[in-house]
Amino acid sequence: MSQTYLTTQELADRIKYDARTIRNQMKDTVLIENIHYIRPFGGRKILYVWECSGQIFLDST
């Protein structure tokens, strides 16, 4: 199964939230590492898995 990976800004654009809100308030509380997002190669960059992350916001509306 293919997955769509998004940067914080791309996710923010899709769900209409500010990127800072995602980074500061949702990451590690609503969005869980290795389920909703990954850090490729153990780096600082975060990529969100749209199929998992987006589902949270689509279900809540």
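Residues numbered from 1 in each chain as written. Predicted model: local features only at pLDDT ≥ 70, side-chain atom pairs only at ≥ 80, totals over all residues. Heavy atoms only, no water.

Engineer: Help me out: how do you make sense of the side chain of His36 in this one?
Structural biologist: Tracing the backbone shows His36 in the loop between helix H2 (19-26) and strand S2 (37-38). If we ignore the near neighbours within four places in the chain, the residues touching His36 are Val30, Leu31, Tyr48, Val49, Cys52, Ser53 and Ile56. (Helix = DSSP H or I, 4+ residues; strand = E, 2+ residues; numbered from the N terminus. Contact = heavy atoms within 4.5 Å.)

Engineer: So what exactly am I meant to see when it comes to helix H3 (residues 50-59) here?
Structural biologist: One turn of the α-helix equals 3.6 residues, which is why residues spaced by three or four share an orientation. For H3, the full list of buried residues reads Trp50, Ser53, Gly54 and Phe57. Each buried residue of H3 lies within a common arc of 90 degrees when the element is viewed along its axis, so the set occupies one face. (Buried < 20%, exposed > 50% of the residue type's maximum accessible area, 1.4 Å probe, protein only. Arc of directions from axis to C-beta.)

Engineer: Got a minute to help me understand the packing of helix H1 (residues 8-15) against H3 in this structure?
Structural biologist: The description of two helices packed together rests on the angle between their axes and the distance between the axes. The geometry of H1 relative to H3 is characterised by a closest axis approach of 11 Å and an angle of 35 degrees between their N-to-C directions. For the pair H1 and H3, the crossing hand works out as right-handed. Residue-level inspection shows Leu11, Arg14 and Ile15 of H1 in contact with H3, the latter providing Trp50, Ser53 and Phe57. (Axes fitted to C-alpha atoms, helices over the stretch in contact; angles between N-to-C directions. Left-handed = near helix turned anticlockwise from the far one by under 90°.)

Engineer: How should I be thinking about the sheet that holds strand S3 (residues 47-49) in this particular structure?
Structural biologist: Within a sheet, adjacent strands bond to each other through the backbone by hydrogen bonds, running parallel or antiparallel. What the three strands build is an open sheet, ordered S1-S3-S2; its pairing is antiparallel. Both outer strands of the open sheet, strand S1 (5-6) and S2, are each paired with one neighbouring strand and no more. Of the pairings in the sheet, the one linking S2 to S3 comprises two bridges and is antiparallel in character. From the neighbouring strand, Tyr37 faces S3, where its bridge partner is Tyr48. (Pairing = 2+ DSSP bridges.)

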